[in-house]
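Remarks on the overall topology
Each chain is listed here by its residues.
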Amino acid sequence: MSADAATVASENLAASQKGKTFNLDYAPHEGMFANSAGKNFLDQIQFMYDQGFRSIEDNGYLNRPVEEQTKIGNLLAKLGMRMGVFVVDGGDNWKTSLTTGKKEFKDKFIDTCKRSVEAAKRCNAKWLTVVPGFYERKLPYGIQMANVVDAMRAGAEIFEPAGLIMVLETLSDTPELFLQQTHETYNVCKAVNSPSCKILYDIYHMQKTEGNLIVNMDRCWDEIAYIQIGDNPGRKEPTTGEIHYKNLFKHIHSKGYKGVMGMEHGNSRPEKAGELRVIEAYREVDQFI
């Protein structure tokens, strides 16, 4: 099939299923459909809704102007859509910080948590991504773990009264990140022992660091509150890599998961044709019932 014919086929499929919701609640992000909907994020959200998506996620939401946060929240409320995660980002996520136990980092984290509560009110958010930073190589692992648990308990004390859940993300971007595998994040959540401290299970990252996806998800299921998607290698939409997403989504659905599935990946193809392919790929892997 030629590229033009493939684009037409994708357009026809998108048109035939336009507005049909999915079996799981997939959440696109800003820019994913910019060629189809335009550069304005509000127009992109409307396009997502029209294609059957019922949630979004917006990592950088906390640092948007209040006016913009409010507009996004109002549109989501009007459309009946959910806000997925945004990142609790005070500038210390990608360096050695909370593992040190230093007061300056903990205080800044607490302040960022408080700002996040106010931002969450504007979009009715429930989940917030937390990254505790890099290893402190000068300290034993157990001391670092205790320092992270202490900081997360302080965060949970802020989020619990607001009914919010911070979801700790286990990442593969660099070996310097303190949380590398699911069992470590599970350990933190069990130690914090709060309904406001849970796991963000990013399928792409965990395929890279540990694999054995279904087994590891099942082991930690009682602490998983949010899931993100991306195929490996490449971190693009499902069907572009090695992960059998239809089977994985079927398993997640069978466990009764009702949360958001964040589409935290890029598009494998450029321009409008690539955006249509993303929608088509989700229609394909969502057909597991």
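Here's a quick rundown of the structure. (Residues numbered from 1 in each chain as written. Predicted model: local features only at pLDDT ≥ 70, side-chain atom pairs only at ≥ 80, totals over all residues. Heavy atoms only, no water.)

**Considerations on the sheet that holds strand S5 (residues 127-130)**
Adjacent strands of a sheet pair through backbone hydrogen bonds, lying either parallel or antiparallel. The strand order across the open sheet built from 7 strands is S1-S9-S8-S7-S6-S5-S4, with neighbouring strands paired in parallel fashion. Of all the strands in the sheet, just strand S1 (25-27) and strand S4 (86-87) have a single pairing partner and so form its edges. As judged from the 4 bridges shared by strand S6 (residues 165-169) and strand S7 (residues 197-202), these two strands associate in the parallel manner. Of the residues in S7, the one forming a bridge with Val167 is Lys198. (Pairing = 2+ DSSP bridges. Helix = DSSP H or I, 4+ residues; strand = E, 2+ residues; numbered from the N terminus.)

**Quick notes on the pattern of salt bridges**
Taken as a whole and assessed by the stated rule, the structure comprises 19 salt bridges. The closest approach of N and O atoms between Glu68 and Arg64, which form a salt bridge, is 2.6 Å. The salt bridge involving Lys103 is made with Asp107; its shortest N-O contact spans 2.5 Å. With a gap of 4 residues between them, Lys103 and Asp107 both fall in helix H5 (residues 103-123), about one helical turn apart. Residue classification places Lys103 among the exposed residues on the basis of a relative accessible area of 61%. A relative accessible area of 34% means that Asp107 is categorised as partly exposed. Three or more residues are tied together by salt bridges with common partners; here these are Glu30, Asp58, Arg64 and Glu68. (Salt bridge = Lys/Arg side-chain N within 4 Å of Asp/Glu carboxyl O. Buried < 20%, exposed > 50% of the residue type's maximum accessible area, 1.4 Å probe, protein only.)

**Observations concerning helix H11 (residues 271-285)**
Taking 1.5 Å of rise per residue, 15 residues should cover 21 Å, and H11 covers 22 Å from first to last C-alpha, within 8% of that figure. Among the 15 residues in H11, 11 count as buried, and that is most of the element. (Expected span 1.5 Å × (residues − 1).)

**With respect to the side chain of Thr100**
Position of Thr100 relative to the elements: it lies in the loop between S4 and H5. With relative accessibility at 14%, the residue Thr100 sits in the buried group. Side-chain polar atoms of Thr100 contact the backbone oxygen of Ser97, separated by 2.7 Å. With residues up to four places along the chain from it excluded, the contact list for Thr100 reads Phe105, Glu136, Leu139 and Asn147. (Polar contact = N/O pair within 3.5 Å; in protein donor to acceptor, adjacent residues only side chain to side chain. Contact = heavy atoms within 4.5 Å.)

**Focus on the side chain of His265**
Considering the arrangement of structural elements, one finds His265 in the loop between strand S9 (260-262) and H11. Classification of His265 by relative accessible area gives buried; the value is 4%. A polar contact of 2.7 Å, which involves the side chain of His265, links it to the side chain of Tyr282.

**Considering the nonpolar core**
Counting 77 residues, the largest nonpolar core has Tyr26, Met152, Phe249 and Ile252 as the members making the most contacts within it. For this core, the element with the highest residue contribution is helix H6 (residues 141-159), accounting for 9 residues. In this view, Met152 contacts Leu98, Phe109, Val130, Met166, Leu168, Val188, Val192 and Cys197; residues no more than four positions away in its chain are not counted. One finds Ala27, Val85, Leu200 and Ala225 within the second-largest nonpolar core, a separate group that totals 9 residues. (Core = buried A, V, L, I, M, F, W, Y, C linked by side-chain atoms within 4.5 Å.)

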